[in-house]
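Remarks on the overall topology
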Amino acid sequence: MTASAGTARVRNRAIEPSAVTASAGTARVRNRAIEPGATLANEMTDNLWLHFARHGPGITPPIITRGEGVTIWDDRGKSYLDGLSGLFTVQVGHGRTELAEVAARQASTLAFFPLWGYATPTAIELAERLASYAPGDLSRVFFTTGGTEAVETAWKVAKQYFKLTGKPGKHKVISRSIAYHGTTHGALAITGLPRFKAPFEPVTPGGFRVPNTNFYRAPELFRAGQHTDIKAFGQWAADRIAEAIEFEGPETVAAVFLEPVQNAGGSIPPPPGYFERVREICDTYDVLLVSDEVICAFGRIGSMFACDDFGYVPDMITCAKGMTSGYSPIGAMIASERLFEPFNDGSTMFAHGYTFGGHPVSAAVGLANLDIFEREGLNDHVKNHAPSFRATLEKLYDLPIVGDVRGEGFFYGVELVKDKATKQIFTDTERRSLLGHVSSALFQAGLYCRTDDRGDSVIQLAPPLISGQTEFDTIEAILRSVLTDVGSRL
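1. Section: the overall build of the chain
For the chain, the helix and strand inventory stands at 15 helices and 21 strands. Taking 2.2 N^0.38 as the reference for a compact globule, 490 residues should give roughly 23 Å; the C-alpha atoms of the chain span a radius of gyration of 23 Å, in line with that estimate. The 490 residues of the chain split such that 52% are buried. The long-range fraction of contacts in the chain, counting pairs at least 24 apart against all pairs at least 6 apart in sequence, stands at 69%. Accessible surface, the chain as shown: approximately 21,400 Å² in total, 54% of it carbon and sulfur. Within the chain, one finds 47 positive and 55 negative side-chain charges whose respective centroids are separated by 6 Å.

Structure representation (structure tokens):
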């Protein structure tokens, strides 16, 4: 596809700007009706290379054309409950015209200017707002365009900080097994998913892994008989971080990257006391604690920053997604004053940045999005309704295929098992077939969510923060119908 003078071209045929629309089940290209399932998918995907997707004969991706509240529509006019907030992103729901209007006003005033030695009013104001939400002395905001860039930024800050403070050997990072932290080479080094790294090896050296906090898969000694002890498991998991630091050498380890609730592997929450022990370990070894909240921040767990929900103060926070509810791309790394101090001497430069980091339009949208949070009390809404979301999903425990329901806030995973009594997992071949079928069946039944095979077999759910019992019941009913059918075929 090429574009010139405001006109896009598909196979050398002009398509006027804004000519592609969808209404009442019929898509239109350049005022020419295209019947559902006909040529829109064929023509519009000739040039589009999708993310994390397979391509080939017989594969036709759904085309989503519109959103309103908790509902999305495809180009055939069929509606779906958005059970994943796009991608853990659309916190305030779809179709908020006020956010589009804010973007238009800002674009007409100052559409773009970089933060490379200059500032813009919206970036200044959004940085101040984020700092006001952050715990402790985390008050220095470095803007990016997304979560991966925020993670990359945090690692680079950690490396340079220790060089500036006389500990140049500290450069390694520790993260958890199966954890996902992004796609660039540095973020991939922190990611604990070997098959995601394999096509791009060698990735940046220096990333090391420790066990995650999935209590459902905890070592048997913590789950033997009636003597389950989740707090002891949390202490054990945290102590593996200290063990890894000792093994690598404290003089070489710069940072520990942890999500408050781990995404990959299926919404894995921390056991009680886990982060308290991790903070203690990091302080003992002079290692920075990075709270990767690309998913968990901005109300997904409840508070603006999920570290507050679990009672710890990190040295850095990485965030993105919900900052604008996806209405415009932006991300941020928020650092403590202690980390910023050696960069604040009038001569030292952090030689790092992004053209569109802190984009004035995105920053304006972020501010308006956070205004909605405060005006509508979305953080309290999540905290008040999270127990009912959990209770509704836990009704699924009566299905033989459901092994575990876990998560926090509006961020849950439902793990599927072959045998509930033994927690037997599916083979790789079985898992691919199972999750492919479940994903398709859920979507056909009107629920957009995510099946995750990065660890064990999990269905992930993260509805917009405006959701309530009606949406919870719909999610449970669709899951129950599909999983009952799937379970009967096993």
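2. A word on the packing of helix H4 (residues 121-133) against helix H12 (residues 360-376)
H12 packs onto H4 with a crossing angle of 40 degrees between their chain directions and a minimal axis gap of 8 Å. Comparing their axes, H12 and H4 come out oblique. Every pair of crossing elements has a handedness; the one defined by H4 and H12 is left-handed. Contacts between H4 and H12 involve Thr122, Ala123, Glu125, Leu126, Arg129, Leu130 and Tyr133 on the former and, on the latter, Pro360, Ala363, Ala364, Gly366, Leu367, Leu370, Asp371 and Glu374. When its residues are assigned to classes, the contact of H4 with H12 shows 9 nonpolar, 2 polar and 4 charged.

3. Topic: the sheet that holds strand S11 (residues 172-176)
Read from one edge to the other, the open sheet built from 7 strands follows the order S10-S16-S15-S14-S13-S11-S12, with strand pairing classed as mixed. Because the sheet does not close on itself, it has two edges, and the strands there are strand S10 (138-144) and strand S12 (207-210). Averaged over neighbouring strand pairs, the angle between their axes works out to 25 degrees when direction is ignored. As paired strands, S11 and S12 are joined by 4 bridges and run parallel to one another. Within S12, the residue paired with Val173 across the bridge is Gly207.

4. Thoughts on the pattern of salt bridges
Tallied over the entire structure, the rule returns 27 salt bridges. Of the charged contacts, one joins Asp315 and Arg338 as a salt bridge, the two residues approaching to 3.1 Å between their closest N and O atoms. Linking Asp315 in the loop between helix H10 (306-309) and strand S15 (316-319) with Arg338 in helix H11 (residues 337-340), this pair joins segments that are 23 residues apart in sequence. With relative accessibility at 36%, the residue Arg338 sits in the partly exposed group.

5. Focus on helix H8 (residues 230-248)
Between its first and last C-alpha atoms H8 spans 28 Å; for 19 residues at 1.5 Å apiece the expected length is 27 Å, and the two agree. Considering only its buried residues, H8 is in contact with S11, S12, strand S13 (253-258) and helix H9 (274-285). For H8, the side-chain oxygen to backbone nitrogen distance between the N-cap and Lys231 is 3.3 Å, and the N-cap itself is Asp229.

6. Structural notes on the packing of aromatic side chains
On inspection of all chains with the given rule, the structure shows 21 aromatic pairs. A ring pair is formed by Phe142 and Phe350, whose centres lie 5.4 Å apart and whose planes are at 75 degrees; its orientation type is edge-to-face. Taken together, the positions of Phe142 in strand S10 and Phe350 in the loop between H11 and H12 put the pair 208 residues apart, joining distant regions of the chain. Ring geometry for Phe343 against Phe350: centres 5.8 Å apart, planes inclined by 70 degrees, an arrangement best described as edge-to-face. Judged on exposure class, the residue Phe343 and its partner Phe350 are both buried. Following the ring pairs from residue to residue traces out a cluster consisting of Phe215, Phe222, Phe233 and Trp236.

7. Thoughts on the nonpolar core
Within the largest apolar cluster, 84 residues are counted, with the highest numbers of intra-cluster contacts made by Leu130, Phe298 and Phe305. Of the residues forming this core, the biggest block, 9 residues, is contributed by H12. When residues no more than four places from it in sequence are discounted, the contact partners of Phe298 are Gln91, Leu130, Ser303, Met304, Phe305, Cys319, Ala320, Gly322, Met323, Leu370, Phe373 and Leu465. With 27 residues, the next largest nonpolar core counts Trp155, Ala264, Leu288 and Met316 among its residues.

8. Thoughts on the pairing of S13
Counting buried positions over the 6 residues of S13 gives 6, a clear majority of the element. Inspection of the sheet shows S11 paired to S13 by 3 bridges, in the parallel sense. Looking at S13, one finds that Val173 is bridged to Ala255. Once you follow S13 into H9 and on to strand S14 (residues 288-292), the crossover reads as right-handed.

9. Points about the confidence of the model for the chain
Summarising the model, the chain shows a mean pLDDT of 91, and 90% of its residues fall at 70 or more. The low-confidence segment residues 1-27, where pLDDT is below 50, has 53 contacts with residues more than four positions distant or belonging to other chains.

10. Quick notes on the sheet that holds strand S17 (residues 402-408)
Strands sit in the order S17-S18-S21-S20 across an open sheet of 4 strands; the sheet is antiparallel. Across the chains shown, the open sheet's two edge strands, defined by having one partner strand only, are S17 and strand S20 (450-452). Within the sheet, the average angular offset between the axes of one strand and its neighbour, ignoring direction, is 25 degrees. Docked against the sheet, helix H14 (residues 428-444) engages strand S18 (411-416), S20 and strand S21 (458-461), running at close to 170 degrees with respect to S20. Of the strands in this sheet, S17, S18 and S21 touch helix H15 (residues 469-489), which is tilted by about 165 degrees from S21.

11. Comments concerning the layout of surface pockets
Where empty space is left can be seen by rolling a probe of water-molecule size over the atoms. The computed volume of the second largest pocket comes to approximately 890 Å³. Looking at the second largest pocket, it is lined by 30 residues, and the ones nearest its centre are Leu115, Val141, Phe142, Phe340 and Phe350. Put simply, the parts of the chain that give the lining of the second largest pocket at least two residues each are H4, S10, strand S16 (331-336) and H11. By residue class, the composition of the lining of the second largest pocket is 21 nonpolar, 6 polar and 3 charged.

12. Notes on the side chain of Arg240
Positionally, Arg240 belongs in helix H8. The buried category is assigned to Arg240, whose relative accessible area is 18%. Among the polar contacts listed, one links the side chain of Arg240 to the backbone oxygen of Trp236, at a separation of 2.9 Å. For Arg240, the contacting residues outside a window of four places in its chain are Val210 and Pro211.

13. Side note on the side chain of Thr89
Secondary-structure assignment places Thr89 in the loop between helix H2 (85-88) and helix H3 (97-109). Apart from the residues within four sequence positions on either side, Thr89 is in contact with Leu84, Lys321, Gly322, Ser325 and Gly326.

Conventions and cut-offs
Residues numbered from 1 in each chain as written. Predicted model: local features only at pLDDT ≥ 70, side-chain atom pairs only at ≥ 80, totals over all residues. Heavy atoms only, no water. Helix = DSSP H or I, 4+ residues; strand = E, 2+ residues; numbered from the N terminus. Rg over C-alpha atoms; globule rule 2.2 N^0.38 Å. Buried < 20%, exposed > 50% of the residue type's maximum accessible area, 1.4 Å probe, protein only. Contact = heavy atoms within 4.5 Å. Areas by Shrake-Rupley, 256 points an atom, 1.4 Å probe, with all protein chains shown as cover. Lys, Arg positive; Asp, Glu negative; His and termini not counted. Charge placed at Lys NZ, Arg CZ, Asp CG, Glu CD. Axes fitted to C-alpha atoms, helices over the stretch in contact; angles between N-to-C directions. Parallel < 35°, antiparallel > 145°, perpendicular 65-115°, else oblique. Left-handed = near helix turned anticlockwise from the far one by under 90°. Nonpolar A, V, L, I, M, F, W, Y, C, P; charged D, E, K, R; others polar. Pairing = 2+ DSSP bridges. Salt bridge = Lys/Arg side-chain N within 4 Å of Asp/Glu carboxyl O. Expected span 1.5 Å × (residues − 1). Polar contact = N/O pair within 3.5 Å; in protein donor to acceptor, adjacent residues only side chain to side chain. Phe/Tyr/Trp six-rings, centres within 6.5 Å; stacked < 30°, edge-to-face > 60°. Core = buried A, V, L, I, M, F, W, Y, C linked by side-chain atoms within 4.5 Å. Right-handed = clockwise from strand over helix to strand, strands pointing away. pLDDT = per-residue confidence, 0-100. 1 Å grid on protein atoms, 1.4 Å probe; cavity = no way out; pocket = protein on both sides within 12 Å on 5 of 7 lines; lining within 4 Å. Points joined across faces, edges and corners; volume = space filled by probe spheres on them.

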